[in-house]
Protein chains: 4
Amino acid sequence: MTIAVGIQGASGYTGAELVRILSAHPQVNIVFVTSERYAGQPMDKIFPHLSLRGDLVCRPLEDLSGLASCQLVFCALPHVTSMKVVPKLLRHDLKVIDLSADFRIKSPEVYQEWYKTVHEAQEWLGEAVYGLPEIYRDRIKSARLVANPGCYPTSVILALAPLLTEGGWIDSTAIVIDSKSGVSGAGRAPAEGKLFAELAEGFRPYSTGSHRHTPEMEQVVSDLLGTSVRIRFAPHLLPQTRGILSTCHVRPLKGKGEISWQERYESHYRNEHFVRVMRAGEYPATNHVRASNYVHLGVVEDQRTGWLTVLSAIDNLVKGAAGQAVQNMNIMFGLDERMGLTQLPVFP
Amino acid sequence: MTIAVGIQGASGYTGAELVRILSAHPQVNIVFVTSERYAGQPMDKIFPHLSLRGDLVCRPLEDLSGLASCQLVFCALPHVTSMKVVPKLLRHDLKVIDLSADFRIKSPEVYQEWYKTVHEAQEWLGEAVYGLPEIYRDRIKSARLVANPGCYPTSVILALAPLLTEGGWIDSTAIVIDSKSGVSGAGRAPAEGKLFAELAEGFRPYSTGSHRHTPEMEQVVSDLLGTSVRIRFAPHLLPQTRGILSTCHVRPLKGKGEISWQERYESHYRNEHFVRVMRAGEYPATNHVRASNYVHLGVVEDQRTGWLTVLSAIDNLVKGAAGQAVQNMNIMFGLDERMGLTQLPVFP
Amino acid sequence: MTIAVGIQGASGYTGAELVRILSAHPQVNIVFVTSERYAGQPMDKIFPHLSLRGDLVCRPLEDLSGLASCQLVFCALPHVTSMKVVPKLLRHDLKVIDLSADFRIKSPEVYQEWYKTVHEAQEWLGEAVYGLPEIYRDRIKSARLVANPGCYPTSVILALAPLLTEGGWIDSTAIVIDSKSGVSGAGRAPAEGKLFAELAEGFRPYSTGSHRHTPEMEQVVSDLLGTSVRIRFAPHLLPQTRGILSTCHVRPLKGKGEISWQERYESHYRNEHFVRVMRAGEYPATNHVRASNYVHLGVVEDQRTGWLTVLSAIDNLVKGAAGQAVQNMNIMFGLDERMGLTQLPVFP
Amino acid sequence: MTIAVGIQGASGYTGAELVRILSAHPQVNIVFVTSERYAGQPMDKIFPHLSLRGDLVCRPLEDLSGLASCQLVFCALPHVTSMKVVPKLLRHDLKVIDLSADFRIKSPEVYQEWYKTVHEAQEWLGEAVYGLPEIYRDRIKSARLVANPGCYPTSVILALAPLLTEGGWIDSTAIVIDSKSGVSGAGRAPAEGKLFAELAEGFRPYSTGSHRHTPEMEQVVSDLLGTSVRIRFAPHLLPQTRGILSTCHVRPLKGKGEISWQERYESHYRNEHFVRVMRAGEYPATNHVRASNYVHLGVVEDQRTGWLTVLSAIDNLVKGAAGQAVQNMNIMFGLDERMGLTQLPVFP
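### Some words on the overall build of chain A
So, step 1. In terms of helices and strands, chain A carries ten helices and 13 strands.
So, step 2. Principal-axis analysis of the C-alpha atoms gives chain A an extent of 60 × 45 × 40 Å.
So, step 3. Counting all 348 residues of chain A, 67% fall into the buried class.
So, step 4. Of the contacts formed within chain A by residues at least 6 apart in sequence, a portion of 70% connects residues at least 24 apart.
So, step 5. Of the accessible surface of chain A, which amounts to about 10900 Å², a share of 47% is contributed by carbon and sulfur atoms.
So, step 6. Chain A carries 35 positive and 35 negative side-chain charges, and their two centres are separated by 2 Å.

See the structure below:
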């Protein structure tokens, strides 16, 4: 079986990463790519590293002629654009994996509050499945529309999940997430803050407490915990290209743990191919998961202060975007979930 | 007046930074420098950027012949070495600014617990003054021995100080400090973890909850608060050379603040030349204080979650080490505190 | 004496660097700054590292009200803009140091060929003095208009000068210059090629054989040699912010040298404060001159192949732009040439 | 068919890269790895990015028990060590690909001159085949011992090869090679010059005219040209981890070319899967070939000066080491040369 796929919005970093990963997938054929800015140009001109994919020439966004032959469309468009495009795609007999934020938040009110725009495709919010396989694998299997998670939420939710079982092992009023991201997460559009000369040697915070990925995390954590939770989320921009490391500071409830946190994590993720719990005493690092779909988790308890820190490293463009989308595709089409995604990380 | 100074341990990054800063100080004359590894070599050979200081040739550590003509010795040696050397220096008629950790911790038991070694110069712990001018300026004026603060504690204590007045404005059981440092803080001795190929694109945590700067912060915060406090401290290593950014997550006690936190910070530091409170909505960044003695602070409140985040950026080698040492020297010798330290940061 | 200066175009990297350097100059007062994009904004908002220069508020470019009180204007505008502005400035009783390319090339035809635009201020080309003090110091002393050299030409001409005396020591048909520059030389305007994510790990050539600094180098080298010369110039973009390193490959004419090249260089630059010839066996590096006005030169002969390589490192924003402009100012106003420029390089 | 391979020296960057690439090769089974420093440790402890290869535990170098079941050994040991080990391996019924310099140079005298040591396995120099498939593919097919090329020579020889046919198109006395390499080429052993704090913002030359890869380039270029040639080779160290960009300055002989250089290059490499000649006007960059076996070439002629510049980008650890070794393996065992090597480059 070969899955025929299209990519809407192939001229961004996420789109290019989809092309890179799917080109090595044994059961996928990319039948079309689109781009608003680069319509008419071959992929190897937009991205010289894709020198072997000069066969893929970007069509305009509105050119839907390729849809008939497609079974799946990856939608790597900006939010708001996505909510206009996705419903049109779903009129055809195909599945959609949307990599924007538009179908992640279940409540249109919460969406409007954080994204400052009215949601125009609310009829699809109920059917959309949040595409985090390690949490919602079963629902993804039968989904027509998957909302691929944000990069920060992926790193944070996977770090917290083992603490959210059985009603929760932590104080839900004291979840402090301090995340650090490579700049590729901000996309390829030129902006002063993303210039090399501004960012090198220039680590910095941004959107402290007001980042749009916050409600997405809160929604899933609340869902797992069975109660509404608010999270203090502080993102930062790293002088590096790829990688997210989230430092999750939480407070275990007293008297609960009978096994060590280390053991709880190892047990929880024993059967997850893409999640690796580091040995006690080892720390994750962003370049140990670079260009791969793997997640490295570290757990550090501190008896002295009573806090527990969970550390989580992913590649924001792979497990945080394109790789996870391919993982979702594999699940939606009944393939081995790992197919095309087992390349080891690139280090150094 | 010219102050004649010596530098013990001039072949590390901090020693070189002392030479750089003091060479531009209008009232200082460096009369000798020492180095264990590079005895006999001129500074411009050890550090080519010091091409104009080929006149300074490193003496062996034990060569004390220069002391007679000195009024002050900067001691930039590793801990444990320092506690052996400093008492010998103090037998002469001079002052000492020690940049190691050896005279920062008041309690020899706490020192032993964190540094895994018995303190051999306990008789000096009482007299040593913790050299953070914005907190202990008065004591520094008359000190013979100043313990220059660690880089992390400098960034953290200055960030927290306005919240520690009048018995404190925050929940002292929920102080979570998430710090990120450039690698120059780890010194010049070769080690795998400091290699370019290991660190570039490789942001990572280390010593979570167990870093030796923790008791130093706790000592000063406890002193200011008037009660014993424990801090959750999580340091990380940045893929950059200089700079520390500390993200301090705290929880204001309800019903206390009558002015905004922003105003409290602006008011608290109004007269401090080296501390700048950013405008509301602006964020500090490490490259905005690079190669300077300035501190940039940002304050971000979050009504939604009830947490307050204070962000603090310094250059770890300047305000976090050599620059603060020179600031202390100025105070100890009755000079204008800013002398030789008003160079603006180097950006980009 | 205090020199009252204005800065036209203060919102670029070069303008900010002029503010940084001049703020530490003991005999300069900045009386106005201008900016097209940021008119009305204080410098500390445009550049947070200039937190102490909030007193300088950018005026619109055309606001000439500050000129009456000025003795010197630094013009840090883009080329073409400069040729329109400078003649207006010179109608007042003041001197001008222009940091654009507009007054560097003596021939309007050559200018037009490389810059693809007709020169509109040709009447000033004759009077303009090329501001490379180590070569043209005497002319600079009495100049009203100084054309501050380009960053690449500064690094290349100083590297070649000792080989161009007495009719020249090298084959003038085989001058191959391979230069590498930090990205700050390309300015602060956002562009895809200057993004962190595009440049990190992405060293690359550009404008090989067609860079606009080529005729500037050729003009000076031809002048020194007394014959018209063409240079093969290949620039590259480094994944770093500051610094230029030029590798100059030349072929000594046989039978000429009686002293070693190393000795020739040391002798040639013996009295130049800002030029340091490295010891034989030592190499220059961009971070050994960072944030300073110093130049490091290395000379490597190769008997085996008959080629000679001269290596030259500068900070493109200082000796390659703002620092050299201040050096020129000092000369034009009879001050010690080094004034305000003796800060040692910032390393690491 | 599955090829059973061993890796001698798996704890360096090249060894790790072999493990990474071979783990994704459909017809290879790694049966043993060795390491002098890390004997007894699993690969995922030495290199956390190899978290899925904890099954590979390093044996001591001298443990030859795995050889019996092997058909091929990759030898990723330092030079001198390699010449002692390889002959012992070849006593068994297997093939060897040696990644050190020990079997690249045909003349033991030249080897001794550049490597300052007597060659102890001269009996193998004749049989060893220089493993650059695009040049010596036929000989590699039947080789028992392949000397895998150095990283710089790979980038340079592939850049020059189209100019060396039919007796040569260029002046063989004026070949100036200016190369720039990421620091991973210098290996993982800690050293001051490879520290992040020394190299970031610190581009620098080294071993100008005296680098040990020089005779290797000269040997192949002389072989292709049919006459003995000397090359001026100037390497530099980049502030980045992976990638080599070589800028090759040559002088075409007049009156020879009937087609453009661009066409000559495109024609020459038309059938080479791993070599891509960029379109006229496009430039190669190291991050466009990152983590891949691909080579990007650019050709820039300059009528004005008569020089021609060929630009060549590779990943030093892949096409410059481990990837090329796997390409050689494929050829030696009659597999599709591209097998396991078609992953697209990782960008950004």
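Okay, back to it.
### Some points on the relation of the copies chain B and chain A
So, step 1. Its rotation angle being 180 degrees, the transformation that places chain B on chain A also includes 0.0 Å of axial translation and leaves an RMSD of 0.0 Å. The operation mapping one copy onto its partner corresponds to a two-fold rotation axis.
So, step 2. Looking at chain B, 100% of its interface residues are interface residues in chain A too, so the copies touch through the same face.

### Notes on the interface of chain B and chain A
So, step 1. Across the boundary between the two partners, chain B contributes 52 residues, which contact 52 residues of chain A.
So, step 2. Carbon and sulfur atoms make up 50% of the area that chain B and chain A hide from each other, which totals about 4100 Å².
So, step 3. Contact with chain A buries surface across chain B, with Glu201, Arg232 and Arg304 of chain B losing the most and accounting together for 20% of the total.
So, step 4. Between chain B and chain A we count eight salt bridges in total.
So, step 5. One salt bridge connects Glu201 of chain B with Arg290 of chain A, and the closest N-O pair in it is separated by 3.1 Å.
So, step 6. Summed over the shared surface of chain B and chain A, the number is 46 residue pairs in polar contact (both at pLDDT 80 or more).
So, step 7. Of all the elements in the fold, those that place two or more residues in the side of chain B that touches chain A are β7 (176-181), α7 (196-199), β8 (204-205), α8 (214-225), β9 (232-237), β10 (244-250), β12 (295-302) and β13 (307-314) of chain B.
So, step 8. Considered class by class, the residues forming the side of chain B that touches chain A number 23 nonpolar, 16 polar and 13 charged.

### Some remarks on the packing of aromatic side chains
So, step 1. Evaluation of the coordinates by the stated rule reveals 28 aromatic pairs over all chains.
So, step 2. Consider the rings of Phe347 of chain A and Tyr13 of chain D, whose centres lie 6.3 Å apart with planes at 75 degrees: the pair is edge-to-face. A residue pair is termed interchain when its members come from two chains, as with Phe347 of chain A in the segment after α10 (318-332) and Tyr13 of chain D in helix α1 (residues 13-23).
So, step 3. When its relative accessible area of 0% is taken as the criterion, Phe347 of chain A is described as buried.
So, step 4. Using a relative accessible area of 2% as the deciding quantity, one classes Tyr13 of chain D as buried.
So, step 5. Ring plane angle 50 degrees and centroid distance 5.3 Å describe the contact between Phe274 of chain C and Tyr294 of chain C, whose orientation is recorded as tilted. Taken together, the residues span a long stretch of sequence, with Phe274 of chain C in the loop between α9 (261-268) and β11 (275-277) and Tyr294 of chain C in the loop between β11 and β12 (295-302) at a distance of 20 residues.
So, step 6. Each member of the aromatic cluster is reached from another via a ring pair, and the members are Tyr13 and Phe47 of chain A together with Phe347 of chain D.
So, step 7. Taking NZ or CZ as reference, Arg264 of chain B lies 3.7 Å from the ring centre of Trp169 of chain B, over its face.
So, step 8. When the ring centre of Phe333 of chain C is taken as reference, the NZ or CZ atom of Lys95 of chain C above it lies at 5.3 Å.

### Observations concerning the interface of chain D and chain A
So, step 1. Taken together, the contacts link 38 residues of chain D with 39 residues of chain A.
So, step 2. With both chains or domains summed, chain D and chain A bury close to 3200 Å², and 62% of this area falls on carbon and sulfur atoms.
So, step 3. Among the residues of chain D in contact with chain A, His49, Leu344 and Pro348 of chain D are the three that bury the most area, contributing 21% of the side total.
So, step 4. Counting every contact that joins chain D to chain A gives four salt bridges.

### Quick word on the sheet that holds strand β6 (residues 145-147) of chain A
Residue and element names in this part refer to chain A.
So, step 1. The six strands are arranged β2-β1-β3-β4-β6-β5 in an open sheet whose pairing can be described as parallel. Only two strands of the sheet have a single partner each, and these edge strands are β2 (28-34) and β5 (129-130).
So, step 2. As defined by bridge partners, β5 adjoins β6 across two bridges and the pair is classed as parallel. Considered in β6, the bridge of Tyr130 is made with Ala147.

Cut-off values and rules
- Residues numbered from 1 in each chain as written.
- Chains lettered and ligands numbered in written order.
- Predicted model: local features only at pLDDT ≥ 70, side-chain atom pairs only at ≥ 80, totals over all residues.
- Heavy atoms only, no water.
- Helix = DSSP H or I, 4+ residues; strand = E, 2+ residues; numbered from the N terminus.
- Buried < 20%, exposed > 50% of the residue type's maximum accessible area, 1.4 Å probe, protein only.
- Contact = heavy atoms within 4.5 Å.
- Areas by Shrake-Rupley, 256 points an atom, 1.4 Å probe, with all protein chains shown as cover.
- Lys, Arg positive; Asp, Glu negative; His and termini not counted.
- Charge placed at Lys NZ, Arg CZ, Asp CG, Glu CD.
- Least-squares fit on C-alpha atoms with pLDDT ≥ 70 in both.
- Buried area = accessible area lost by both parts, 1.4 Å probe.
- Salt bridge = Lys/Arg side-chain N within 4 Å of Asp/Glu carboxyl O.
- Polar contact = N/O pair within 3.5 Å; in protein donor to acceptor, adjacent residues only side chain to side chain.
- Nonpolar A, V, L, I, M, F, W, Y, C, P; charged D, E, K, R; others polar.
- Phe/Tyr/Trp six-rings, centres within 6.5 Å; stacked < 30°, edge-to-face > 60°.
- Lys NZ or Arg CZ within 6 Å of the ring centre and 35° of its normal.
- Pairing = 2+ DSSP bridges.

By themselves, these figures tell us nothing about what the structure is for.
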